[in-house]
Structure formats: C-alpha cells, structure tokens
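Report on the structure
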There are 2 protein chains.
Amino acid sequence: MRRLMIKPELCKVDTALGIIVGKWKPTILLHLLVEDTLRFNALKRKIPDITQRMLTKQLRELEEEGLVSRTVYPVVPPKVEYTITPYGKKLEPILHAMHEWGKAHIERKSQPSTEE
Amino acid sequence: MRRLMIKPELCKVDTALGIIVGKWKPTILLHLLVEDTLRFNALKRKIPDITQRMLTKQLRELEEEGLVSRTVYPVVPPKVEYTITPYGKKLEPILHAMHEWGKAHIERKSQPSTEE
DNA sequence: CAGTATCCAGGACGATACTG
DNA sequence: CAGTATCGTCCTGGATACTG
C-alpha cells in the first residue's frame, strides 16, 4: 500500500469542496480559465441553461473566495467584467484531474467488464 | 496564459464531484485509504459525529460507484467489512491535492496580506 | 446590460426509535 | 453488530417578474 498522507480528522478536503461545489461553479471557472475575462452576458451565453439569478449568485461566491474578480465600468449601459485571479488559476490542475477521473469513470461504467 | 485543456461544455468535473460530494464521503474515503479495511462500527468510532443512517447511506453510495466494497460475514453477531477498491485508490492524488489547496486557502484567509 | 426580489420544490441531512 | 424506518428541517437551485 502506498505511503500516506493525510490524517482524516485534520483533512481540509471539505474546505476545498465547499468552495468549488455549486451547480455552476466548475463550469464558470473553466470558462474563465479559457477566456481569462468575460462579461456577465458573455458568460451567460456560454452557459445557456443558467439563470441570471444563479449566475450572479455563483459569481458572488467565487468572488468572495478570491477565485474571481469583478470589475464594474461606470458606463451606460452597464459593463461588468469577471476575471479569474492568479489564485483561482491554481485550481486548474485539480479541475483537470477531476475531469480525467470523471471521464474514466463514465467509460468504466459503460463497459463493466473491467477488472480493477 | 497557460495552455489549456478542457472544453468547458464537455467537462466531466461535475461527474467526479457528483461522486465524491457528500457530507461524509471524503472522510470515509480517507479513513479507508489509511486503514484499507474497516468494520462498520470501527468506521463509526473514527467518525464520531456521523449517525448510523448517514454512515450506511454514504457507504452504499460509494459502493455503488465501485469505490468501496462491502463484505458480509455470515456470523453472529454480524460482521461487515468495508474495503477501498483499487479503483477507489485512484482518487487519492485528487483528494490529496484538494487537501493541500484547502489548507492553503485557510492560511490565506487568516492572513489577508498576501498578494496573488 | 447586469442585475434584484419573491416564491417554491426537491433533496440532503439529522434525530430518534426500532430490529434480525 | 449492523443496520431500517419515519419524520422533520434547512438549504440549494429553479421560475418568474421587476429595475437602475
């Protein structure tokens, strides 16, 4: 067995999960990792099924944790840009690893004749 | 900007999250990664705040996804062992990465005088 | 354009009691 | 020992309508 690692009692996995979990948060983060900066409605167009309410809400929460920054330009009509922070970019490897694992999991289920 | 990665629309991060999210799932997995095999009540003792109902429920869900296997010994009193599968062990790097990120996040919040 | 305000439904989780 | 069964709560997220 591999050398371990984390004392389960002291583990901060839940802390991390608490921040990235949210119906739309990973999707939002992924889009901002690709584009770096997007306006509110641009983001909304990229995530067709999200409602305005949820987009606002999830963005506010990501902002509060420092993963995303929000810039308001005092113009008419309003212009608000959302940018992924350097800190937010640090999540990329984790998101990528989860994506790979998720993909493997789907493939595994579709062909159950796998040992291991 | 770094070279990317995942098409957000095709991303399977949510798939992965759907499986590891659950109030007690990471904790259970971590314990089984440390001990490899544990009986129901041993697990319960290691996670004092969990109720029997929740322990059963979360274990069943982990079993259903193939991360944990359940072995019933037909003895009196009952003996049931839960073991992490080789497949479940593949989550270790991800859990570890999330733990590290979560720890950093906590430290960052306690001393806000960090740039980046 | 970029939001708020309200209301509502479903599910996750907890408390408690009971059982083969 | 290792569960089930029942009931209640809170919280997330969706639908819809309105606004500076």
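Bear in mind that the values here come from a model prediction, so they are computed numbers and not experimental data.

Quick look at the protein's contact with DNA strand C now. In the vicinity of DNA strand C there are 21 residues, among which A:Gln52, A:Arg70, A:Tyr82, B:Lys23 and B:Arg53 approach most closely. When atoms of DNA strand C within 4 Å of the protein are sorted by moiety, sugar and phosphate together comprise 64%. A:Arg60 is positioned such that a nitrogen or oxygen atom in its side chain is 3.1 Å from a phosphate oxygen of DNA strand C. Side-chain polar atom of A:Arg70 to a phosphate oxygen of DNA strand C: 2.5 Å apart, as the coordinates give it. When contributions to the surface near DNA strand C are tallied by element, the ones reaching two or more residues are α3 (40–46), α4 (52–64) and β3 (79–84) of chain A together with α4 (52–64) of chain B. It is α4(A) that provides the largest number of residues to the surface near DNA strand C, a total of four residues.

Looking now at the UniProt feature "domain: HTH hxlR-type" (unreviewed entry) in chain A. Listed under "domain: HTH hxlR-type" (unreviewed entry) in the UniProt record, and renumbered for this structure, are residues 11–110 of chain A. With 62% helix and 15% strand, residues 11–110 of chain A has its two end C-alpha atoms placed 33 Å apart.

It is worth spelling out the nonpolar core at this point. The tendency in soluble globular proteins is for nonpolar side chains to be buried as a group. Membership of the largest hydrophobic core comes to 68 residues, with the highest contact counts inside it found for A:Ile28, A:Leu67, A:Met98, B:Ile28, B:Leu67 and B:Met98. When residues no more than four places from it in sequence are discounted, the contact partners of A:Leu67 are A:Ile19, A:Leu29, A:Leu62, A:Thr83, A:Ile84, A:Thr85, A:Tyr87, A:Gly88, A:Leu91 and B:Trp101.

Residues and elements named next belong to chain A. Counted according to the given criterion, the structure contains 13 salt bridges over all chains. Residues Glu61 and Lys25 are paired through a salt bridge, measuring 2.7 Å at the closest nitrogen-oxygen approach. Of the two residues, Glu61 sits in helix α4 while Lys25 sits in helix α2 (residues 25–35), which places them 36 residues apart along the sequence. What makes Glu61 partly exposed here is its relative accessible area of 28%. Residue Lys25 is classed as buried on the basis of its relative accessible area of 5%. Counted as one network, the salt bridges with shared partners bring together Lys25, Lys57 and Glu61.

Before going further, it helps to spend a moment on the sheet that holds strand β2 (residues 68–73) of chain B. Residue and element names in this part refer to chain B. On the basis of which strands lie adjacent, the open sheet formed by three strands has the order β1-β3-β2 and antiparallel pairing. This sheet does not close on itself; its edge strands, each paired only once, are β1 (37–39) and β2. Adjacent strand axes in the sheet meet at a mean angle of 25 degrees when their direction is disregarded. Packed onto the sheet, helix α2 (residues 25–35) meets β1, β2 and β3 (79–84) and runs at close to 115 degrees relative to β1. Strands in contact with α4 are β2 and β3; relative to β2, the strand with the most contacts, it is inclined by about 115 degrees.

Each value, and the rule that gives it
Residues numbered from 1 in each chain as written. Chains lettered and ligands numbered in written order. Predicted model: local features only at pLDDT ≥ 70, side-chain atom pairs only at ≥ 80, totals over all residues. Heavy atoms only, no water. Near = heavy atom within 4 Å. Polar contact = N/O pair within 3.5 Å; in protein donor to acceptor, adjacent residues only side chain to side chain. Helix = DSSP H or I, 4+ residues; strand = E, 2+ residues; numbered from the N terminus. UniProt positions renumbered as here; feature names shortened; annotations may be inferred. Core = buried A, V, L, I, M, F, W, Y, C linked by side-chain atoms within 4.5 Å. Buried < 20%, exposed > 50% of the residue type's maximum accessible area, 1.4 Å probe, protein only. Contact = heavy atoms within 4.5 Å. Salt bridge = Lys/Arg side-chain N within 4 Å of Asp/Glu carboxyl O. Pairing = 2+ DSSP bridges. Axes fitted to C-alpha atoms, helices over the stretch in contact; angles between N-to-C directions.

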